[in-house]
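Each chain, written out:
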Amino acid sequence: MDREKDVEILSKETVFQGYFRIDRYRLRHRTFAGGWSGEMVREVFERGHAVVVLLYDPDRDAVALIEQFRPGAYAAGWNPWLIECVAGIIEEGEHPDEVARRETKEEAGAEPSAMIHVGDYLVTAGGSSESCRLYCAKVDSSIISGIHGLAHEGEDIRTLVVSSAEALAMVRDGRINNSMATVAIQWLALEKDGLRKTWGV
């Protein structure tokens, strides 16, 4: 299927504009049988696009994570203090690499000495346009500690450093329960040996 030829946008309107935006689409698309679907009406949450940065110390085989309050988790009835990876929204005109380095400094007080682009993925394509660009950054975990974040953005971010094995255990037992950190840590479990060789360990 082709994005341009096989989707027909009948109308698009912004139905809410606040901290985030919601657009309503009327559309139809080609079907696998060769015809056209009926008209679909869908609201799409426009949150923006993000970077996610897994902070990894190959010398100590350690992962630096952050913990902060998330209103979406609260609204879902979950514990709203989530253990996550560093992340941030890409503003218009910014390069994702720059955002990854900036957010690493703002949220964890760290400076990556090397960084690789792992991949890109959609967070919840059924109702949101948000995509994530995942990086793994080489850091010195021995100097990561304390509380970080920007006060004018309402951030209150605590850092924690754990072994890579403990990070994976936290995914398995549900202490880490958000998709961004889960994807990053499971990637590390698969690719850690090769990554450590690349980074000279």
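This structure is a prediction, so every number in the text was calculated from the model and none was measured.

Q: Just checking my understanding: could you explain helix H4 (residues 179-198) for this structure?
A: Note: α-helices contain 3.6 residues per turn, so residues at a spacing of three or four share the same orientation. Remark: the principal bend of H4, roughly 70 degrees, maps to glutamate 191. Residues Met180, Ala181, Thr182, Ala184, Ile185, Trp187, Leu188 and Leu195 constitute the buried set of H4. Positive backbone phi, at 75 degrees, marks glycine 200, one or two positions downstream of H4.

Q: Help me understand the layout of surface pockets, please; the structure alone is not making it clear to me.
A: Once rolled over the atoms, a probe with the size of a water molecule shows which space is left empty. Its volume calculated, the largest pocket comes out at about 1500 Å³. As for the largest pocket, its lining consists of 41 residues, of which Phe20, Arg47, Arg70, Ile89 and Glu130 are closest to the centre. Among the secondary structure elements, those contributing two or more residues to the lining of the largest pocket are strand S3 (40-46), strand S5 (62-69), helix H1 (71-75), strand S6 (81-84), strand S7 (86-89), helix H2 (96-108) and H4. Looking at the lining of the largest pocket, the element that brings in the most residues is H2, giving four residues. Counted by class, the lining of the largest pocket contains 16 nonpolar, eleven polar and 14 charged residues. Here the second largest pocket defines a volume of roughly 630 Å³. The wall of the second largest pocket is formed by 18 residues, among which Arg3, Val7, Tyr25, Leu27 and Val44 lie closest to the centre. Elements supplying a minimum of two residues to the lining of the second largest pocket: strand S1 (7-17), strand S2 (21-29) and S3.

Q: Would you take a moment to explain the nonpolar core for this structure?
A: Taken as a class, soluble globular proteins show a tendency for nonpolar side chains to be buried jointly. The biggest cluster of nonpolar side chains holds 28 residues, and the ones touching the most others in it are Val52, Leu54, Leu65, Ile176 and Ile185. Of all elements in the fold, only strand S4 (50-57), S5, strand S8 (114-122), strand S9 (131-138), helix H3 (164-173) and H4 reach the threshold of two or more residues within this core. Among the elements that make up this core, the one with the highest residue count is H4 (seven residues). For isoleucine 185, the contacting residues outside a window of four places in its chain are Leu54, Leu65, Ala167, Leu168, Val171 and Ile176. Core analysis: the second largest hydrophobic core is formed by 16 residues, Val99, Met115, Val139 and Ile157 among them.

Q: I'm lost on unusual backbone geometry in this one. Help?
A: At aspartate 61, a position not held by glycine, the phi torsion is positive, near 50 degrees. Structurally, aspartate 61 can be placed in the loop between S4 and S5.

Q: Got a minute to help me understand the pattern of salt bridges in this structure?
A: Oppositely charged side chains may form a pair once their charged atoms are brought near each other. Using the criterion set out here, one finds 21 salt bridges in the structure. A salt bridge links aspartate 23 to lysine 12; the nearest nitrogen and oxygen atoms lie 4.0 Å apart. With aspartate 23 in strand S2 and lysine 12 in strand S1, this residue pair connects regions lying eleven residues apart in the sequence. Where glutamate 94 meets arginine 102, a salt bridge forms, and the shortest distance between an N and an O atom there is 2.1 Å. Several salt bridges share partner residues, and in doing so they unite Glu94, Arg102, Glu103 and Glu106 into one network.

Analysis parameters
- All chains use their own residue numbering, which begins from 1 and follows the written sequence.
- pLDDT decides what is reported in this predicted model: residues at 70 or higher carry local features, side-chain atom pairs at 80 or more are listed and counted, and totals for whole chains, interfaces and linings draw on all residues regardless.
- Calculation of side-chain values draws on the structure's entire complement of heavy atoms; hydrogens and water are dropped beforehand.
- At every residue, the bend is computed as the angle between two fitted axes, covering the seven residues ending there and the seven beginning there respectively.
- The secondary structure listing takes helices from DSSP runs of H or I that are at least 4 residues long and strands from runs of E that are at least 2 residues long, numbered from the N terminus.
- Buried, partly exposed and exposed residues are distinguished by accessible area as a fraction of the type maximum, computed with a 1.4 Å probe on protein chains only: under 20%, between the cut-offs, and over 50%, respectively.
- Using a 1 Å grid laid over the protein atoms alone, points where a 1.4 Å probe fits but cannot get out form a cavity; open sets with protein on both sides within 12 Å along at least 5 of 7 lines form a pocket; any residue with an atom within 4 Å of a point counts as lining.
- Grid points are joined across faces, edges and corners, and a volume is the space filled by probe spheres set on the points.
- Note on residue classes: Ala, Val, Leu, Ile, Met, Phe, Trp, Tyr, Cys and Pro are nonpolar, Asp, Glu, Lys and Arg are charged, and everything else, Gly too, is polar.
- Take the buried residues of types Ala, Val, Leu, Ile, Met, Phe, Trp, Tyr and Cys, join any two whose side-chain atoms come within 4.5 Å, and each joined set is a nonpolar core.
- We call two residues in contact when some of their heavy atoms are within 4.5 Å.
- Here, a salt bridge means any Lys or Arg side-chain nitrogen found within 4 Å of an Asp or Glu carboxyl oxygen.

As far as function goes, none of this settles anything; it's purely spatial.
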